[in-house]
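Residue-level structure breakdown
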Amino acid sequence: RSPSRGLGDVYKRQVLTPENGALVSGHASVRDINRQLEWSIPDDGDTVTIAGLLIERAGHLPAVKEVISLDDAYKCTVLARRGQTITRIRIMKIN
C-alpha cells in the first residue's frame, strides 16, 4: 500500500522527502494529511481541506507560487489553481 492511497486526493505520484515535502491536492483533508504523514498541521476546526485552511490563514485566495506559513512549522506553496480552486500544494515541514 503506497503512502498516498489513504489520502485519496493526494497526487498518485506523491513525493515525500525532507527536501521536497509533500505534494498534495487542494482537496485533501488536513486530518488525512496529518494522519498519513504523521504531521501536526494545525486544524482550525472550521476548515476541512488544506486549500480551505490556506485561504483562511491568508485571508484571500492565494496566487500560484504564494507561500503561506502555518504556525512557523509548515510552509505551504500553492503550485496550481484552476479558476478559484487551489488544485496542488507543496507542504514542507520546517525544522
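Above: the structure in question.
We now turn to the structure provided with this report.

Cut-offs used in this document
- Residues numbered from 1 in each chain as written.
- Predicted model: local features only at pLDDT ≥ 70, side-chain atom pairs only at ≥ 80, totals over all residues.
- Heavy atoms only, no water.
- Helix = DSSP H or I, 4+ residues; strand = E, 2+ residues; numbered from the N terminus.
- Buried < 20%, exposed > 50% of the residue type's maximum accessible area, 1.4 Å probe, protein only.
- Areas by Shrake-Rupley, 256 points an atom, 1.4 Å probe, with all protein chains shown as cover.
- Contact = heavy atoms within 4.5 Å.
- Arc of directions from axis to C-beta.
- Core = buried A, V, L, I, M, F, W, Y, C linked by side-chain atoms within 4.5 Å.
- Phe/Tyr/Trp six-rings, centres within 6.5 Å; stacked < 30°, edge-to-face > 60°.

Glancing now at the overall build of the protein chain. Each helix and strand in the protein chain was counted, giving two helices and four strands. Sequence-ordered secondary structure for the protein chain, helices as α and strands as β, is β-α-α-β-β-β. Here the protein chain holds 95 residues, and 38% of them are scored as buried. Counting every atom, the protein chain has about 5700 Å² of accessible surface; 45% of that belongs to carbon and sulfur.

Here the focus is the side chain of Ser29. Relative to the helices and strands, Ser29 is located in the loop between β1 (22-25) and α1 (30-37). Looking at Ser29, the relative accessible area reads 15%, which means it is buried. Beyond its immediate sequence surroundings of up to four residues, Ser29 is in contact with Val48 and Thr49.

Quick look at α1 now. Taken together, the buried positions of α1 are Val30, Ile33, Asn34 and Leu37. Across the axial projection of α1, the buried residues extend over an arc of 95°, all falling on one side. Counted as exposed and oriented over 90 degrees from the buried face of α1: Arg31 and Arg35. Those residues of α1 hidden inside the fold are in contact with β1, α2 (50-58) and β4 (85-93). The first or second residue beyond α1 is Glu38, which carries a positive phi of 55°.

Next up on the list: the environment of Ile50. Mapping Ile50 onto the fold places it in helix α2. Residue class for Ile50 comes out buried when judged on its relative accessible area of 0%. Excluding anything up to four places from it in sequence, Ile50 contacts Val24, Ser25, Gly26, Ala28, Val30, Ile33, Ile41, Ile89 and Ile91.

Here we come to the nonpolar core. Counting residues in hydrophobic clusters, the biggest one holds 20 residues, and the most contacted among them are Ile33, Ile41, Ile50 and Ile91. Looking at this core, the elements with two or more residues in it are β1, α1, α2, β2 (67-70), β3 (74-82) and β4. Ranked by the residues each element gives to this core, the list is headed by α2, at four residues. Sequence-distant contacts of Ile91, that is, excluding residues within four places in its chain, are made with Gly21, Ala22, Val24, Ile33, Trp39, Ile41, Ile50, Tyr74, Lys75 and Cys76.

Another point: the packing of aromatic side chains. Scanning the model with the defined rule gives one aromatic pair in all. Judged by centre distance (5.4 Å) and plane angle (45°), the ring pair of Trp39 and Tyr74 falls under tilted. Remark: Tyr74 occurs in strand β3 and Trp39 occurs in the loop between α1 and α2; sequence separation between them is 35 residues. A relative accessible area of 3% means that Tyr74 is categorised as buried.

Bear in mind that shape data such as this cannot, by itself, settle questions of function.
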